[in-house]
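Below, each chain spelled out in residue letters.
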Protein chains: 2
Amino acid sequence: MYQELLGFLNQASTMQQSYKLKASPLSEKYLLELKFPGNGDNIADADRLRQALETQIGCPVSIPLELLREIPEKLRQNDWKVTVTIGYYWPPGWGLERLVAELVEVGPGSDRLGPFGLAVDLGSTTVGGYLWDLGSGKLLAADGVTNAQTRLGEDILTRIHYAATPQGLAELQQLAIMSINRIIDLVTKQANIVPQDITAGVISGNTTMVHLLLGLPTANICRNPYVPVVNAPGFFPAAMIGLDLHPRALVYLLPSVGSYVGGDILAGILASGMHRQKEVSLLADIGTNGEMVLGNREWLVVAAGAAGPALEGGVVACGMRAEPGAVCQVRIDPDTGKVTYRTIEDVPARGICGSGIVDAIAQALQAGIINQRGELREPLTSLVVVPAEESATGHPIELTAVDIQRLLRTKAAANAIMATLLESVGCTFADLKYFYAAGAFGDHLDIESAITIGLYPDLPRENIIRLGNSSGTGASLVLTDINKAQELEEISRRVTYLEMNNSQQFMAHFTAGLFFPHTDLDLFPTVKARLKH
Amino acid sequence: MYQELLGFLNQASTMQQSYKLKASPLSEKYLLELKFPGNGDNIADADRLRQALETQIGCPVSIPLELLREIPEKLRQNDWKVTVTIGYYWPPGWGLERLVAELVEVGPGSDRLGPFGLAVDLGSTTVGGYLWDLGSGKLLAADGVTNAQTRLGEDILTRIHYAATPQGLAELQQLAIMSINRIIDLVTKQANIVPQDITAGVISGNTTMVHLLLGLPTANICRNPYVPVVNAPGFFPAAMIGLDLHPRALVYLLPSVGSYVGGDILAGILASGMHRQKEVSLLADIGTNGEMVLGNREWLVVAAGAAGPALEGGVVACGMRAEPGAVCQVRIDPDTGKVTYRTIEDVPARGICGSGIVDAIAQALQAGIINQRGELREPLTSLVVVPAEESATGHPIELTAVDIQRLLRTKAAANAIMATLLESVGCTFADLKYFYAAGAFGDHLDIESAITIGLYPDLPRENIIRLGNSSGTGASLVLTDINKAQELEEISRRVTYLEMNNSQQFMAHFTAGLFFPHTDLDLFPTVKARLKH
């Protein structure tokens, strides 16, 4: 967890530096110095406040009934000088010209703190939260917790099946709510505010996670023709969806494009900026379910949910998540064949995580311990990374021949998705300018190793960009800038989904990718040069 | 109650004939035949429905969370052919270009009934309800009940004071809700539907009544500078304000202009149509609290809440409401002085109601039993309408000298308001083209008698128009035609309120009015001619 937290904080601070906030977050505070009512000016309290606010912000203001009840006393207590907190919303798909400001709170005129907003990456494994001071544009705290739903199933499909059992959906919904509320508790304590101070929220998640959070049935998501209940759920008051923020805080659920293209992917596109560039980029979240986006400012094609077994964790026998004791770095001396390694937090090795696996394969390839077909040099039966006597388990941490073949297939699947995407728009690898590596996995991977085994394209290294948690970054962008929210809805209208499962091209490219780095070595010129040494 | 009911039904049927409904009520039903999802068309269920509907109606559709949960099953159960019921709303003051349609219900494609809507006149004494079939534009039922709040106080001021006591506001709120729910029960049973079938509501009431219904504090309404909590409360789901309609039915509270100019007055203006006419009209609701509106399509001036004691009920010792046993018609033979009368439902007389009082004074004046100063002919000490032996009480039903003087003062107050209003805009009685008599009182009053005593202006009789319950009519117009709702909001922006209480002119005109029909007999030429006979 500590490692994850560090990851979140690092990503968050990077984000803070690289995006300048404009003064249009989803929640704002305004100081209103109202005229005292008097003879000839006896407009009603709420309308006086509403009209003063509408004049300032230029869009309709709606006032919830509970606040109507409190406004007369609040105005008089504070001598008609109040600070109002508003939250913006709009009908999904109708844009900023349909913007409405909902009055969330009325406080004393001296109130200058915040407003505060929470961006959430509702991942199926980890839930990340980012607490922003929307007034100053500063990130106050960030943290991550394991999604409590994992106790009912690691993968999405298991949860979809569980949701179809009696009370299953309600249980999963409660666990999602609980996970977010845990994050809220953590980040507000860190920032020394209370949850009720948070007056806007943005949640980014894949389509299934958003459905489970809202208690929407998920059965049709995994059933042909893969139809979700809703792509654009829009805004809900926090109290309505069980979140521990200000009860009237409006929470925006990022839209999705379909069952396989969730708001998390759209948030990633937004965070990368690829949708605004002339050049063609590829965005890949290879760590978990191999989502990829190819596109530029004119078109965007997404492939998702078809990458085969994930690289992180379970693909190899000794695999584990990036937690303390996981081998995360491997070096092999090409002359002596001697293996050195590092583990997370430098404790005795318990297993090997994604970045360690990629490193091990790349180094073994360069040392001639495995060949380009992924076969171990005779008479080896496995690539031992940590001998039994050094490991915490008493068993060697190793990659077997079967493990390596599995990895080769996963890598080939990634190649095949990229190639099929490129082909679908009439491009080749040569047209690719930038490669965005999203997710925690992409953050820790050694780029050279990833290129060496053919997982990343062989681009100039400065054009390979780590995005970190792009889903959380995208959610934060939307939270802190209403124009980014609009941009994300535009992205959702431009994205095309390319189905891989039934694709002939995919199978052809898959076969061509069953080679480290690839059967067509010319696609990887720097690797070709290196391997020829 | 029967008499009231008859009154409501009569007015309602008149209304039905005189206003052609357009196909834009506040709730509508649409049959949607959606395309089945399939390969290449796997947009989410709710978005499929939303987009199909938005294409038809041309404005954003919002879908409540509870409906999102039900939509997948409802679409599949009904083979993608469903009837959706929507309710329109807009941010108060922002007009139709900001219209949003909220999805209220999704039902089978075969559902062709309704939709149904309820217009409510939330009077301080009587609550009237009008149940409309918004699909066919037909009035299905109308009824009235006594406002249950009357048990806590007959007049508004008593209730405002009661609302300031602990739990007082909550109690008055519950009684208002209860009264409306009683009406809902009555009209739905009459029309053989259930309350949940009603998917839109419009409530017209004076400013205080609307505040009490919403549980808003009323203390500042009766305190200088007379500031309500809200003039434009807008729309609320029925469940939120405790009304027994479809829980998601949107209920529109008509806006008010101030503490003394409620939505009921604006509804009256709307019902009269005076705001669209070139000629100057006067609208008067003399029965209860003497509200008057003077204006045309360019300007509207309102005087309200300053008419002194009401004519209905309590102003004379033998006075009673227009209920069975009330003398409602009086004739006096000018030669013999013989009094004949009629009572409501022709049962023995228990008292005299407003129309009976006005008749009695007018007839006595013409018979020379009272003079133009309101003095009884010597040696009479009272005007006996029903001798003791004929009455149900065993006492005579009579108007005493004090009663008559009270009435003269009430009449003079009405004259003074009219004259002050006219003067405020530089008009005279000669400029007046139409006179609209609003309220149940105006409905039963004999027009000749009202002119004879100087209560109504002496206009050509065809220019004196009875509006009936103009508040209920206005609410029905808004419910059945969204353009009328906009028109009413425009009226609210055009209305000016003229304060009478501190007016010097008012006092001068009041003095001039202390004469039947008036000190200036030339203002009442037909009466002048008749009295000279």
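Everything numeric here is computed off the predicted structure, so don't read it as measured data.

Right, let's talk about the interface of chain A and chain B for a bit. Listed by partner, the interface residues are 43 residues for chain A and 43 residues for chain B. Buried surface at the junction of chain A and chain B, both sides included, amounts to about 3600 Å², of which 58% is carbon and sulfur. For the interface between chain A and chain B, the tally reads 0 salt bridges. Viewed at the interface, chain B and chain A are joined by 22 residue pairs in polar contact (both at pLDDT 80 or more). Of all the secondary-structure elements, those providing two or more residues to the side of chain A that touches chain B are helix H2 (45–57) and helix H3 (65–77) of chain A. Broken down by class, the residue content of the side of chain A that touches chain B amounts to 26 nonpolar, 9 polar and 8 charged.

Bringing the domain arrangement of chain A into the picture now. Residues and elements named next belong to chain A. Examined at the domain level, chain A breaks down into domain 1 (2–20 + 115–253), domain 2 (27–108), domain 3 (273–309 + 407–531) and domain 4 (325–396). Using only C-alpha atoms to locate each centre, domain 1 and domain 3 end up separated by 25 Å. Taken together, the contact between domain 1 and domain 3 spans 18 residues of the former and 14 residues of the latter. Contact between domain 1 and domain 3 buries roughly 1400 Å² in total, counting both sides, with carbon and sulfur atoms accounting for 65%. Here domain 1 and domain 3 share 0 salt bridges between them. Secondary structure elements with two or more residues in the side of domain 1 that touches domain 3: helix H1 (2–18), strand E5 (116–122), strand E6 (126–133) and strand E8 (198–205). Element by element, the count of residues in the side of domain 1 that touches domain 3 is highest for E5, at 5 residues. When the residues that make up the side of domain 1 that touches domain 3 are grouped by side-chain class, the tally is 12 nonpolar, 5 polar and 1 charged.

All right, on to the relation of the copies chain A and chain B then. Its rotation angle being 179°, the transformation that places chain A on chain B also includes 0.0 Å of axial translation and leaves an RMSD of 0.2 Å. Seen this way, the second copy is the image of the first under a two-fold rotation axis. No C-alpha of chain A lies nearer the rotation axis than that of A:Arg98, which sits 3.5 Å from it. Interface residue correspondence from chain A to chain B reaches 100%, placing this contact among same-surface, isologous pairings.

Residue and element names in this part refer to chain A. Across all of its chains, the model carries 20 aromatic pairs over all chains by this definition. With a centroid separation of 6.3 Å and an interplanar angle of 35°, the aromatic rings of Tyr-434 and Tyr-436 are classed as tilted. The residues Tyr-434 and Tyr-436 share a single accessibility class, namely buried.

With that settled, the discussion passes to the nonpolar core. By size, the foremost hydrophobic cluster in this structure holds 102 residues, and its most contacted members are B:Leu26, B:Leu49 and B:Leu103. At 9 residues, helix H5 (residues 168–191) of chain A tops the list of elements feeding residues into this core. Ignoring sequence-local partners within four residues, the contact set of B:Leu26 consists of B:Ile86, B:Gly87, B:Tyr88, B:Trp90, B:Ala200, B:Val202, B:Phe235, B:Tyr252, B:Val478, B:Leu479 and B:Ile482. Within the second largest apolar cluster, 95 residues are counted, among which are A:Leu65, A:Ile71, A:Trp132 and A:Ala475.

Before going further, it helps to examine the pairing of strand E3 (residues 81–89) of chain A. Residues and elements named next belong to chain A. The buried fraction of E3 amounts to 7 of the 9 residues, a majority that puts the element mostly inside the structure. Here strand E1 (residues 27–33) pairs with E3 via 7 bridges, running antiparallel. Each bridged residue has a counterpart across the sheet, and for Glu-33 the counterpart in E3 is Lys-81. As paired strands, E3 and strand E4 (residues 100–108) are joined by 8 bridges and run antiparallel to one another. When the sheet's bridge partners are listed, Tyr-88 is paired in E4 with Ala-101.

This part covers the confidence of the model for chain A. All names here are of chain A. Of all residues in chain A, 93% attain a pLDDT of 70 or more, and the chain-wide mean is 91. Low pLDDT (under 50) marks residues 1–23, which in the prediction has 44 contacts with non-local residues, meaning those over four places away or in another chain. On the interface metric, ipTM, the complex scores 0.91, and its pTM is 0.91.

On to helix H2 (residues 45–57) of chain B, then. Residues and elements named next belong to chain B. Given a rise of 1.5 Å per residue, 13 residues ought to cover 18 Å, and the 19 Å separating the end C-alpha atoms of H2 matches this to within 8%. Within H2, the full set of buried residues consists of Asp-45, Ala-46, Asp-47, Arg-48, Leu-49, Arg-50, Leu-53, Glu-54 and Ile-57. Looking at the buried side of H2, the elements it contacts are strand E1 (27–33), strand E2 (61–62), helix H3 (65–77), strand E3 (81–89) and strand E4 (100–108). Two residues or fewer past H2, Gly-58 is found with a positive phi of approximately 75°.

All names here are of chain A. The strand order across the open sheet built from 6 strands is E20-E19-E11-E12-E13-E21, with neighbouring strands paired in mixed fashion. Where the open sheet ends on each side, the last strands, each with one partner, are strand E20 (464–468) and strand E21 (495–497). Adjacent strand axes in the sheet meet at a mean angle of 20° when their direction is disregarded. Note: strand E12 (residues 291–295) against strand E13 (residues 300–303), 4 bridges, orientation antiparallel. The residue of E13 that forms the bridge with Met-292 is Ala-303. Seen against the sheet, helix H7 (residues 263–272) touches strand E11 (280–285), E12, E13, strand E19 (432–438), E20 and E21 and runs at an angle of roughly 45° to E12.

Before going further, it helps to examine unusual backbone geometry. The omega torsion across B:Gly114 and B:Pro115 is 5°, close enough to zero to call that bond cis. Position of B:Pro115 among the secondary structure elements: in the loop between E4 and strand E5 (116–122). Here the amide bond leading from B:Asn224 into B:Pro225 is cis, since omega sits at 0°, within 30 degrees of zero. Relative to the helices and strands, B:Pro225 is located in the loop between helix H6 (207–214) and strand E9 (234–237). In this model, A:Glu345 sits at a positive phi of 65°, which is unusual for a non-glycine residue. Inspection of the secondary structure puts A:Glu345 in the loop between strand E15 (339–343) and strand E16 (351–352). Notably, B:Gln167 is not glycine yet its phi reads approximately 65°, a positive angle. Structurally, B:Gln167 is set in the loop between helix H4 (156–163) and helix H5 (168–191).

Examined against the element boundaries, A:Ala219 turns out to sit in the loop between helix H6 (207–214) and strand E9 (234–237). Distance in space between the C-alpha atoms of A:Ala219 and A:Asp443 is 33 Å, their sequence separation being 224 residues.

Further remarks concern the side chain of B:Ser355. Residue and element names in this part refer to chain B. Its place among the elements puts Ser-355 in helix H8 (residues 354–366). Looking at Ser-355, the relative accessible area reads 5%, which means it is buried. Polar side-chain contacts of Ser-355 include one of 3.0 Å to the backbone oxygen of Cys-328. When sequence neighbours within four positions are dropped, the list of residues in contact with Ser-355 reads Cys-328, Phe-441, His-444 and Leu-445.

Right, let's talk about the packing of H7(A) against helix H12 (residues 470–480) of chain A for a bit. Residues and elements named next belong to chain A. In contact at an axis separation of 7 Å, H7 and H12 are set at 75° when each is read in the N-to-C sense. The pairing of H7 with H12 is recorded here as roughly perpendicular in orientation. Contacts from Asp-264, Ala-267, Gly-268, Leu-270 and Ala-271 in H7 reach Ser-470, Ser-471, Thr-473, Gly-474, Ala-475, Leu-477 and Val-478 in H12. Within the contact of H7 with H12, the residues separate by chemical class into 6 nonpolar, 5 polar and 1 charged.

Reading the values: the criteria
Residues numbered from 1 in each chain as written. Chains lettered and ligands numbered in written order. Predicted model: local features only at pLDDT ≥ 70, side-chain atom pairs only at ≥ 80, totals over all residues. Heavy atoms only, no water. Contact = heavy atoms within 4.5 Å. Buried area = accessible area lost by both parts, 1.4 Å probe. Salt bridge = Lys/Arg side-chain N within 4 Å of Asp/Glu carboxyl O. Polar contact = N/O pair within 3.5 Å; in protein donor to acceptor, adjacent residues only side chain to side chain. Helix = DSSP H or I, 4+ residues; strand = E, 2+ residues; numbered from the N terminus. Nonpolar A, V, L, I, M, F, W, Y, C, P; charged D, E, K, R; others polar. Domains from an automatic or database assignment. Least-squares fit on C-alpha atoms with pLDDT ≥ 70 in both. Phe/Tyr/Trp six-rings, centres within 6.5 Å; stacked < 30°, edge-to-face > 60°. Buried < 20%, exposed > 50% of the residue type's maximum accessible area, 1.4 Å probe, protein only. Core = buried A, V, L, I, M, F, W, Y, C linked by side-chain atoms within 4.5 Å. Pairing = 2+ DSSP bridges. pLDDT = per-residue confidence, 0-100. Expected span 1.5 Å × (residues − 1). Axes fitted to C-alpha atoms, helices over the stretch in contact; angles between N-to-C directions. Parallel < 35°, antiparallel > 145°, perpendicular 65-115°, else oblique.

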